[in-house]
Amino acid sequence: MNTTRIQRVLENLSADGLSQALITDPLSIWYLTGYYTEPYERFLALYLAQDSSAAAGFRTTLFCNRLFPDASGFADQIVAFDDTEDPIALVSDVAERDMPLGIDKELSARWLLPLMDAGVATSFALASTAVDAARSVKDGEEQEFMRAASRVNDEAMGWLVAQVREGVTEREIAAGLLGEYRRLGAEGHAFTPIVSFGPNAADPHHEPDGTVFHKGDMVLFDVGCKRRAYCSDMTRTFFSAEPTARQLEVYEAVRRANEAAEAIVRPGVTFAQIDLTARRVIEEAGFGPYFTHRLGHQIGLTDHEPGDVSSTHDEAVRPGQCFSIEPGIYLPGEMGVRIEDLVIVGEDGCEVLNSYPKGPTVLSV
């Protein structure tokens, strides 16, 4: 168990008037206990409760099917069950029935509704923010994992660039990336890679297809890997011939927006202010309507974690938070440019995790 992380979650729960919670997100369970398994259709849950009689001030119970890997030692109490037993009754035996129970957003209706019918608690409250807020601030070890994953991504970008040649398809390059990630020490993709040639890059979430590269096409790569369970994410856009004045104008507007936003990141600045800084640069360049998404997202054990970098998020950033800065301009039928880095907030500024160059680059193809 990670006592510090559990205590942070319990403090967050307490601020919302809760003293107990049932967590079913497998990654959050791993984050708090070190135990991971993918339950698929079976029940897996971690019960947390404040308990002044316990030495740590709390108690933990992990509910695991006997088909799962041995969970011994990962919680104060392990409740094992098999496929013929009802986990709802087991939770009912452990939870405090005379008070509210916090639940996370991953608890499906097939478990939540029976828990409600069984009267496991006086009421149920969505309490994902208690865990999300704890996961949002990365400790020193987590920050090192984020740096390591981004170093792999920087190296992989060099490999991607080397694959661009006349006649290759987007799908062919995307399919080869997994092997390169594993060669570099990553476990796999953080998300499905985006490889876009020419006008396809005007679709921010284009899925690699059979589009063939031809010299002169602009090329966009948005890729990320998982290393030691933590994600990376980076986007770079390239030219494959001398850029036109318009192409260069679009590219430089995006690059300036990226760098301006990164320059203001520090504790106390709000996510909305960071988004606005990048958006103003693009608006002043005359492309405001073509920046069609939020500036970024938080990242960690999953590629997109709660707490976006957008005009509606007025919370101030805190040291240890990690998120993307990814402005873009998308001109349908013509081109798309996005430049994305990850940053970790420090005590006075931020650390940009990606070192792959952002200046306009013409590929040798």
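Where an unreviewed UniProt entry is consulted, the chain appears under the name Peptidase M24, with the organism given as Olsenella uli.

Caption draft 1: Spotlight on the overall build of the chain. Across its full length, the chain carries nine helices and 19 strands. Here the chain has a C-alpha radius of gyration of 23 Å; the compact-globule value for 365 residues is 21 Å, and the two agree. Each principal axis of the C-alpha atoms in the chain carries an extent, and together these give about 70 × 40 × 35 Å. The long-range fraction of contacts in the chain, counting pairs at least 24 apart against all pairs at least 6 apart in sequence, stands at 66%. For the chain, the exposed area adds up to about 15,200 Å²; of that, 50% sits on carbon and sulfur atoms.

Caption draft 2: How the structure looks around the side chain of Gln247. By the secondary structure assignment, Gln247 is in helix H8 (residues 245-264). One polar contact links the side chain of Gln247 to the main-chain amide nitrogen of Thr244, over a distance of 3.0 Å. If we ignore the near neighbours within four places in the chain, the residues touching Gln247 are Met218, Phe239 and Met335.

Caption draft 3: How the structure looks around the UniProt feature "domain: Creatinase N-terminal" (unreviewed entry) in the chain. Here the UniProt feature "domain: Creatinase N-terminal" (unreviewed entry) sits at residues 5-137. Structurally, residues 5-137 comprises 34% helix and 22% strand, and the distance from its first C-alpha atom to its last is 10 Å.

Caption draft 4: Spatial organisation of the pattern of salt bridges. In the structure shown here, the tally under the stated rule is 26 salt bridges. Salt-bridge contacts for Glu144 lead to Arg147; the nearest nitrogen and oxygen are separated by 2.6 Å. Linking Glu144 with Arg147, this pair stays in helix H6 (residues 140-163), spanning three residues, or about one helical turn. On the basis of relative accessibility, which here comes to 41%, the residue Glu144 falls in the partly exposed class. The class for Arg147 is buried, based on a relative accessible area of 17%. In this structure, Glu315 and Arg318 form a salt bridge, with 3.8 Å as the shortest nitrogen-oxygen distance. The partly exposed category is assigned to Glu315, whose relative accessible area is 34%. Three or more residues joined by partner-sharing salt bridges are found here, namely Arg236, Glu262, Asp341 and Lys358.

Caption draft 5: Here's a closer look at the sheet that holds strand E4 (residues 77-81). Taken together, six strands build an open sheet; the order of strands is E4-E3-E2-E1-E5-E6 and the sheet is mixed. Here the strands that pair on one side only, and so sit at the sheet edges, are E4 and strand E6 (124-126). Going across the sheet, the axis of each strand differs from the next one's by a mean of 20°, ignoring polarity. The pairing of strand E1 (residues 20-23) with strand E2 (residues 45-50) spans four bridges and is antiparallel. Opposite Ala21, over in E2, you have Leu48 as the bridge partner. Of the strands in this sheet, E1, E2, strand E3 (58-65) and E4 touch helix H3 (residues 87-94), which is tilted by about 170° from E3.

Caption draft 6: Inspection of the layout of surface pockets at higher detail. Estimated volume of the largest pocket: approximately 340 Å³. What lines the largest pocket is a set of 20 residues, among which Ile194, Pro204, His205, Asp222 and His304 lie closest to the centre. Residues that form the lining of the largest pocket fall into these classes: six nonpolar, seven polar and seven charged. Looking at the second largest pocket, its volume works out to about 210 Å³. Around the second largest pocket sit 15 residues that line it, and Thr24, Pro39, Tyr40, Glu106 and Trp111 are the ones nearest its centre. Looking at the lining of the second largest pocket residue by residue, the class counts come to seven nonpolar, two polar and six charged.

Caption draft 7: Structural view of empty space enclosed by the protein. The final tally for this structure, using the stated rule, is two cavities of 30 Å³ or more. What lines the largest cavity is simply Ile23, Asp25, Ser28, Asp104, Lys105, Glu106, Ser128, Val131 and Asp132. With three residues, helix H5 (residues 128-136) is the single largest residue contributor to the lining of the largest cavity. Taken together, the residues of the lining of the largest cavity break down into two nonpolar, two polar and five charged. Taken as a whole, the second largest cavity encloses approximately 40 Å³ of empty space. Considering the residues around the second largest cavity, the lining is formed by Val9, Leu13, Ala21, Ile23, Ile103, Asp104, Ala127, Ser128, Ala130 and Val131. When contributions to the lining of the second largest cavity are tallied by element, the ones reaching two or more residues are helix H1 (3-15), E1 and H5. Per-element tally for the lining of the second largest cavity: the top contributor is H5, with three residues. Classifying every residue of the lining of the second largest cavity gives eight nonpolar, one polar and one charged.

Cut-offs and rules
Residues numbered from 1 in each chain as written. Predicted model: local features only at pLDDT ≥ 70, side-chain atom pairs only at ≥ 80, totals over all residues. Heavy atoms only, no water. Helix = DSSP H or I, 4+ residues; strand = E, 2+ residues; numbered from the N terminus. Rg over C-alpha atoms; globule rule 2.2 N^0.38 Å. Contact = heavy atoms within 4.5 Å. Areas by Shrake-Rupley, 256 points an atom, 1.4 Å probe, with all protein chains shown as cover. Polar contact = N/O pair within 3.5 Å; in protein donor to acceptor, adjacent residues only side chain to side chain. UniProt positions renumbered as here; feature names shortened; annotations may be inferred. Salt bridge = Lys/Arg side-chain N within 4 Å of Asp/Glu carboxyl O. Buried < 20%, exposed > 50% of the residue type's maximum accessible area, 1.4 Å probe, protein only. Pairing = 2+ DSSP bridges. Axes fitted to C-alpha atoms, helices over the stretch in contact; angles between N-to-C directions. 1 Å grid on protein atoms, 1.4 Å probe; cavity = no way out; pocket = protein on both sides within 12 Å on 5 of 7 lines; lining within 4 Å. Points joined across faces, edges and corners; volume = space filled by probe spheres on them. Nonpolar A, V, L, I, M, F, W, Y, C, P; charged D, E, K, R; others polar.

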